[in-house]
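Examination of the molecular architecture
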Number of protein chains: 2
Amino acid sequence: MSRWKPDARGRLEKAALELYNHQGFDATTVAEIAARAGLTERTFYRYFADKREVLFPGDSPLADTLADATATAPVQLPPLEVIAYALTEAVPVFEERGDLIRQRQAVIAANPELQERELTKLATLASTLAHALRERGLQTTTAILAAEIGIAAFRVAYELWVNDPDQNTLAQRIQETLDTARHLATPAEQVAATEDGSLTGQENVA
Amino acid sequence: MSRWKPDARGRLEKAALELYNHQGFDATTVAEIAARAGLTERTFYRYFADKREVLFPGDSPLADTLADATATAPVQLPPLEVIAYALTEAVPVFEERGDLIRQRQAVIAANPELQERELTKLATLASTLAHALRERGLQTTTAILAAEIGIAAFRVAYELWVNDPDQNTLAQRIQETLDTARHLATPAEQVAATEDGSLTGQENVA
C-alpha cells in the first residue's frame, strides 16, 4: 500500500456524498469528510470553499459543454434541434459519473435549502444556454424559451435516468423527452396518428 | 377624515413595497411598514407572517387561476394551447395590480435571496400546472414540459410587459411569446417563410 493517495478531490467528494446520505447534509462536518477520505481538513479546503461546494462546484463542466456545443451546432438547425444537439454533447459529462450523480440527487432531494440552490443553479444554466443561443443570432425571446425548455427537458430526462438507469441510457431519455417537446404544439388528433410508443400525446385510459 | 381605515392589507402592502424600494428589503422593519400605513404592528401580523410574506403570499390566486383554467380548457386542445388558454385566463390577476407588480419586481431584482425565493415559487407554480395537465390525461413528461414552457413563456411575457407596459398589454405579450414557443421546432427556412413580424426565428442582421 502506497502512502501517496491520488485523486484527493474525488475521494473527498465520495466521502462527503456518503456522509450526507447516511447522516444528513446539515449534520456532517468538514472534519468528518476529511477523516473518512483519509485526508486533512486543510486538504479539503484546497478543493472546496465549504461543504456545500461539494454539491455545487464553482466551475460547471456542464455549462461549458452546453455553451460550446450550442456555438458549434450546424447553422441551419431550428432552436429545439440546437438544444437537442447541445444536450446530447453533454451526456458524457454525466454518464461517467453515474453513481456520484445518483447520490448527489438523493442528498438534494432530502434538503429544501439545497433544492433552492439547485433551482438557482439550473436558472444560471438556462441563462448560459440562452446567451449562447443569442450569440447564434436568435432573438432574445426565442433564445430564452428554447433554453428554458432545453433545461426542463434535460431535468426530466435526467430524473428518469437517475431513477431507473438500467431501463434506458441518458442519451435515449433526452431523445425521448425532446420528442415530447417537439409535439407540444401538435393537436391531439395528429399526436394519436403518430402512434409510435413515444411519450407524446395523451395516455390510454383504457 | 374618517378614523376608520379600510383595506388594511392593501395599505400595508403598498407601504411595504415603497419602503423596500426606497431603503432596501433588508433594512426595512415591520414597525416602519406599519407606521407608514398608519396601522399597528399587530395589524401587520394579522395579514402577514413576516415582511417576506408581503412579496410571497401564502395563497396564490395565480396558481388557483392557472389550475382551474387548465381543468376547464376545451378537451381537444394540444398541450401548448391549453397553456395559452390558462395564461390568458390569468391576465386579469396581474393587470389589476400593475403598479404593485412593477414595484415588487424591482425589490426582488435588487436582492439575490429574494430571487432564489422567486425561483422556488415559480417552480411550485410549474408543478401545480403540471399536476393540472396530468389530471387532463396527459402523460407525466408531456405535462411537465408543457408546464415548464408555460411558466417560462409567462415569465418572459411578464418581464417584457413590466419593463414597457405602454407598448403592449400583458395578454398581447403572452400571445407573442407563445407564438415563439410554437415555432421552436420549426426549421429556419419555414420560419423565414412565415414572415409576419412576430418574435419567432432569427433576427435580421441586415
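What this report covers is the structure whose coordinates are included nearby. (Residues numbered from 1 in each chain as written. Chains lettered and ligands numbered in written order. Predicted model: local features only at pLDDT ≥ 70, side-chain atom pairs only at ≥ 80, totals over all residues. Heavy atoms only, no water.)

**Some remarks on the pattern of salt bridges**
To be explicit about the condition: By definition here, a salt bridge exists when the distance from a side-chain nitrogen of Lys or Arg to a carboxyl oxygen of Asp or Glu is within 4 Å. Elements are defined by DSSP. Helices are runs of H or I of four residues or more, strands are runs of E of two residues or more, and each kind is numbered from the N terminus. The buried label goes to any residue with under 20% of its type's maximum accessible area, the exposed label to any with over 50%, and the partly exposed label to all in between, with areas taken from a 1.4 Å probe on protein chains only.
Counted according to the given criterion, the structure contains 18 salt bridges over all chains. Taking the shortest distance from any N to any O, the salt bridge between Glu148 of chain A and Arg155 of chain B comes out at 3.1 Å. Residue Glu148 of chain A is located in helix α8 (residues 140–163), and its partner Arg155 of chain B is located in helix α8 (residues 140–163); the two belong to separate chains. Residue Glu148 of chain A is classed as buried on the basis of its relative accessible area of 17%. The salt bridge partner of Asp99 of chain B is Arg102 of chain B, with a shortest N-O separation of 3.6 Å. Of the two residues, Asp99 of chain B and Arg102 of chain B are both situated in helix α6 (residues 98–109); the distance of three residues between them amounts to about one turn of the helix. Overall, Asp99 of chain B belongs to the exposed group, its relative accessible area being 59%. Take Arg102 of chain B: its relative accessible area is 23%, and that puts it in the partly exposed class.

**Quick look at the packing of aromatic side chains**
Using the following cut-off: For Phe, Tyr and Trp, rings pair up if their centres lie within 6.5 Å, where Trp contributes its six-membered ring, and each pair is then called stacked (planes under 30 degrees apart), edge-to-face (over 60) or tilted (otherwise). The rule is short: NZ of Lys or CZ of Arg within 6 Å of the ring centre and within 35 degrees of the ring normal puts a charge over the ring.
Under the defined criterion, the tally for this structure stands at 14 aromatic pairs over all chains. With a centroid separation of 5.3 Å and 45° between ring planes, the pair formed by Phe44 of chain A and Phe48 of chain A is classed as tilted. The burial state of Phe44 of chain A is the same as that of Phe48 of chain A; both residues are buried. Note on Phe94 of chain B and Phe154 of chain B: the rings are 5.1 Å apart at their centroids and 50° apart in plane angle, and the pair reads as tilted. Taken as a pair, Phe94 of chain B in helix α5 (residues 79–95) and Phe154 of chain B in helix α8 lie far apart in primary sequence, 60 residues in all. For the pair formed by Phe94 of chain B and Phe154 of chain B, the shared burial category is buried. Here the aromatic cluster, defined as three or more aromatic residues joined through ring pairs, consists of Phe94, Phe154, Tyr158 and Trp161 of chain A. Here the guanidinium or amino end of Arg104 of chain A rests over the ring plane of Phe56 of chain A, the centre of that ring lying 5.1 Å away.

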